[in-house]
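# Coordinate analysis (summary)
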Amino acid sequence: EDYNSQEREYEDNLKKKQMLCDKIDNTTLEAGIDAEDLLDSFVDEWRQIGFVPKKDKQFIQQKFEKALADFVNRLPNTN
């Protein structure tokens, strides 16, 4: 019973992390919003979600890192 409950929680966390990746993919930087603060908020949200099933851990971590990298690449060049 406890194992099944924990597995359901991990599956829910996986869905939340996937939704966060989608949110990052669809985020554009609006005027007046600091990109660094926004990135920090994404990382904070990620850390607060919790554990995912072990079999999905590497996949979702790579997806998150790619979403962050793509977001940074979409930022306007301020040089």
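For the structure itself, look to the data block above.
This text gives an overview of the structure that appears in the document. (Residues numbered from 1 in each chain as written. Predicted model: local features only at pLDDT ≥ 70, side-chain atom pairs only at ≥ 80, totals over all residues. Heavy atoms only, no water.)

### Side note on helix 1 (residues 2–25)
- Given a rise of 1.5 Å per residue, 24 residues ought to cover 34 Å, and the 35 Å separating the end C-alpha atoms of helix 1 matches this to within 8%.
- Within the span of helix 1, buried status applies to Tyr10, Asn13, Leu14, Lys17, Leu20, Cys21 and Ile24.
- Where helix 1 is buried, its residues touch helix 2 (35–49) and helix 3 (57–74). (Helix = DSSP H or I, 4+ residues; strand = E, 2+ residues; numbered from the N terminus. Expected span 1.5 Å × (residues − 1). Buried < 20%, exposed > 50% of the residue type's maximum accessible area, 1.4 Å probe, protein only. Contact = heavy atoms within 4.5 Å.)

### What about helix 2?
- A rise of 1.5 Å per residue sets the reference length of helix 2, with its 15 residues, at 21 Å; its end C-alpha atoms lie 22 Å apart and thus fit the reference within 8%.
- Those residues of helix 2 not exposed but buried are Ala35, Leu38, Leu39, Phe42, Trp46 and Ile49. Down the axis of helix 2, the smallest arc covering the buried residues is 100 degrees, so these residues share one side. In helix 2, those exposed residues whose orientation departs by more than 90 degrees from the buried face are Glu36, Asp37, Arg47 and Gln48.
- Buried residues along helix 2 sit in contact with helix 1 and helix 3.
- The N-cap residue of helix 2 is aspartate 34: its side-chain oxygen and the backbone nitrogen of glutamate 36 are 2.9 Å apart. (Arc of directions from axis to C-beta. Polar contact = N/O pair within 3.5 Å; in protein donor to acceptor, adjacent residues only side chain to side chain.)

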